[in-house]
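In case you want the letters, here they are:
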Amino acid sequence: MKKVSIRKAYGQALADYGAENPDVAVVVADVSSSVQTKFFAERFPERFFNVGITEQAMVDVAVGLALGGMVPFANTFAVLFLRAAEQIRTCVAYAKTDVKIVGSYSGLSNFKDGPTHHVECDTAVMRSMPNMTVVEAADAVEVRKMVPVIAEHKGPVYLRISRTDAPLLFDESYEVKIGKGVVLRDGSDVALIASGVMVSRCLEAAEKLSKEGIEAYVVNMSTIKPLDVELVSKLARETGALVTAEDHSIIGGLGGAVAEALGERTPANLERIGIPDTFTETSLNYDELLDHYGMGVDDIVNAARRTAKRRDK
Amino acid sequence: MFIFIILNFNVRENNVTYHSERLIRELDEIAQNLRIDALEMIYRRKAGHPGGSLSAAEIITALIFHHLKIDPNKPDWEERDRFILSKGHACSLLYAALARRGFFPREELQTWGHIGSRLQGHPDRLKTPGIDMTTGMEGHGVAVGSGLCLAARIKNLKYDVYVLVGDGECQCGVLWEGAMIASKYRLSELTVIVDHNHVQLDGPVHEILPVDSLADKWRAFNFATFEIDGNNMREVLDALDMAKEIRSKPTAIIAHTTKGKGVSFMENKAAWHGRPPNDEEFAQAVSELKRRISKQ
């Protein structure tokens, strides 16, 4: 499968959308070339503000821009937004300002800088804030489609973007709808619910499972909040055996959200694939790192088998 | 009294409008009445922050009743001047000011802090007419105000942005991040007023974490900086006029004030940062403030 940079696609989409919408402004904290806001900067320097390593103030500046009628996108590494958690909570989420927080280099995707730059808990933090919408892109097409959708969605949004080049899963006909999971593969025995780069790994796992006679649904749950509870319940009723997969801690992210939904609505067997409750290590390669922490294709296959087995007991 | 100007250029005297004795008298009377309103609100609710509300009375009065381009009938007017009470703990006095200025009925002040009220414990931009930004968590105002100035430039809107911060608040790193950003973009539309009352929740600012010299700090951040007596109405009005004249960089007004100003037993006492007066204390405070009004 062809691999395309998600962050570059985001950067280009932001610049393209900037041409369409004169209210879009971009703030970034000294990582413009990394998170690819440079394309916007080149085309719209009057709406682009690089504020240096001031993540907290960057969020506040975005808040001010929103109060002045702009639609600001605030950009830095996802882990660095944790510094600005209170700003995001009070001035964005509570004050309900129209700020788009774009956390790049999500999960373990900044493999080579190591655990200081890995981020395991951003979705958990953002998801627990009232008024906040949380989305994650699985490939370059999806992130490109997400830019106008989140810009035109009134209110705070957290967009999670991987640093990696990810397999291209979607074509131009793909539509992004906030709050709706998309079934990419039909199944009957288990359901694999994933977000971000783990979606393609789940598709691979589903092929392997199929060879064993286990037919797995694969769902791209690109909106983690508000979660598509209807879809989760439907899959739980149909299969009784689910696996979540994300490049985020198994605590508080997609896995946490699905577990909450299952617990309250439709109890079913669940296995969570993600970063275990531990800090991680540096690596020379992203894929190896995911495998090392139990997020490999075979790990998903095994989790599917386990959850199906528990159901059949 | 005089204004101590620390600028690297001259401000011509004729740039500052002369404010009549009558205007000063009127505004001073409003400030004292707002002090009474604020204390009454805190007394009624048995919660709030008297010290930092009383110290800021002249500043808030000068802004809301004279200096700001605002219209109570159009609280969302796009080209209104913006006021961010970054030291949101002083909101009782701001609520009282907005009510007297006509943004909402004065009777509503009695609902402050009740479930369902438009007046939250700290300012909420979504609930209260006249509140431009949700505040109460220290440190945000300078950077938020900077963003508002940048938006005005992009959208070609004509408004100025005023941010009132506390001196304890000047211990927050994010405040100085915001100052650097305002300085980088030379946001002359931005005026920061520091309510330098020298006392914070746990004690004197110089004991908890010294911030001196505030004027030197703001100057180092390339703000046009001057120091005034922030409880002197004429000095406050003149300083705001001067800030408006400066069109090359943002301005910081270091307003030396007295925490708990106007109530003898509250002045300069950290204990009165966040405690409500009891019946006797309230009665004495009101009688002291009323005496001041009759003297004016």
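Residues numbered from 1 in each chain as written. Chains lettered and ligands numbered in written order. Predicted model: local features only at pLDDT ≥ 70, side-chain atom pairs only at ≥ 80, totals over all residues.

Quick word on the overall build of chain A
A count of helices and strands for chain A gives 13 helices and 14 strands. What you see for chain A is a C-alpha radius of gyration of 19 Å, in line with the 20 Å of a compact globule of 313 residues. Evaluated residue by residue, chain A yields a buried proportion of 60% over its 313 residues. For chain A, the proportion of contacts with a sequence separation of at least 24, taken over those separated by at least 6, is 80%. (Helix = DSSP H or I, 4+ residues; strand = E, 2+ residues; numbered from the N terminus. Rg over C-alpha atoms; globule rule 2.2 N^0.38 Å. Buried ≥ 20, exposed ≤ 12 C-beta atoms within 10 Å, placed from the backbone. Contact = placed C-beta atoms within 7 Å.)

Here we look at the overall build of chain B
A count of helical and extended segments in chain B gives ten helices and eight strands. Since a compact globule built from 296 residues should have a radius of gyration of about 19 Å, the 18 Å found for chain B is in line with a globular shape. The principal-axis extent of the C-alpha atoms belonging to chain B is close to 50 × 40 × 35 Å. By the burial criterion, 52% of the 296 residues in chain B qualify as buried. Taking as baseline every contact in chain B between residues at least 6 positions apart, the subset at least 24 positions apart corresponds to 77%.

Some remarks on the domain arrangement of chain A
Residues and elements named next belong to chain A. Domain annotation for chain A reports domain 1 (3-167) and domain 2 (182-312). If you average the C-alpha positions of domain 1 and of domain 2, the two centres end up 25 Å apart. Looking at the side of domain 1 that touches domain 2, the elements that each hand over two or more residues are α7 (122-127), β6 (133-136) and β8 (165-167). Of the residues contributing to the side of domain 1 that touches domain 2, the split by class is twelve nonpolar, nine polar and six charged. (Domains from an automatic or database assignment. Nonpolar A, V, L, I, M, F, W, Y, C, P; charged D, E, K, R; others polar.)

Topic: the sheet that holds strand β11 (residues 216-220) of chain A
Residue and element names in this part refer to chain A. Here we have five strands laid out as an open sheet, ordered β9-β11-β10-β13-β14, and mixed in their pairing. Each edge of the sheet is formed by a strand with only one pairing partner; in this case those strands are β9 (182-185) and β14 (269-275). When strand polarity is set aside, the average angle formed by the axes of neighbouring strands in this sheet is 25 degrees. Strands in contact with helix α10 (residues 229-239) are β10 (190-194), β11 and β13 (241-249); relative to β13, the strand with the most contacts, it is inclined by about 135 degrees. (Pairing = 2+ DSSP bridges. Axes fitted to C-alpha atoms, helices over the stretch in contact; angles between N-to-C directions.)

Concerning the packing of helix α1 (residues 21-45) of chain B against helix α4 (residues 91-101) of chain B
Residue and element names in this part refer to chain B. Remark: α1 packs on α4, axes separated minimally by 8 Å, with the N-to-C direction vectors making an angle of 120 degrees. By the angle between their directions, the pair α1 and α4 is classed as oblique. Between α1 and α4 lies a crossing of right-handed hand. Contacts from I30, L34, D37, A38, M41 and I42 of α1 reach α4 at S92, L93, A96, A97 and R100. (Parallel < 35°, antiparallel > 145°, perpendicular 65-115°, else oblique. Left-handed = near helix turned anticlockwise from the far one by under 90°.)

A look at the packing of helix α9 (residues 198-211) of chain A against helix α13 (residues 297-312) of chain A
All names here are of chain A. Contact geometry for α9 and α13: axes closest at 8 Å, N-to-C directions at 55 degrees. When the axis of α9 is compared with that of α13, the two are oblique. For the element pair α9 and α13, the recorded crossing hand is right-handed. Together, R201, C202, E204, A205, K208 and L209 of α9 and V297, I300, V301 and A304 of α13 make up the contact between the two elements. Broken down by class, the residue content of the contact of α9 with α13 amounts to seven nonpolar, no polar and three charged.

Re unusual backbone geometry
A cis amide bond links K225(A) with the next residue in sequence, P226(A), at an omega value of 0 degrees. Put simply, D212(B) and S213(B) share a cis peptide bond, and its omega is -5 degrees. Counting through the fold element by element, S213(B) comes out in the loop between α7 (205-208) and α8 (214-220). A positive phi is found at K46(B), a non-glycine position, where the angle reads about 55 degrees. Positionally, K46(B) belongs in the loop between α1 and α2 (50-55).

A short note on the interface of chain B and chain A
Counting from both sides, the interface comprises 22 residues of chain B and, opposite them, 25 residues of chain A. Elements supplying a minimum of two residues to the side of chain B that touches chain A: α5 (141-155) and α6 (173-184) of chain B. By residue number, the principal contributor to the side of chain B that touches chain A is α5(B), which donates eleven residues. In terms of residue class, the side of chain B that touches chain A is built from 13 nonpolar, six polar and three charged.

Section: α9(A)
Residues and elements named next belong to chain A. Between its first and last C-alpha atoms α9 spans 20 Å; for 14 residues at 1.5 Å apiece the expected length is 20 Å, and the two agree. Tucked inside the fold, the buried residues of α9 contact β8, β9, β10, β11, β13 and α13. Note on α9: the residue one or two positions beyond its end, G213, has a positive phi of about 90 degrees. (Expected span 1.5 Å × (residues − 1).)

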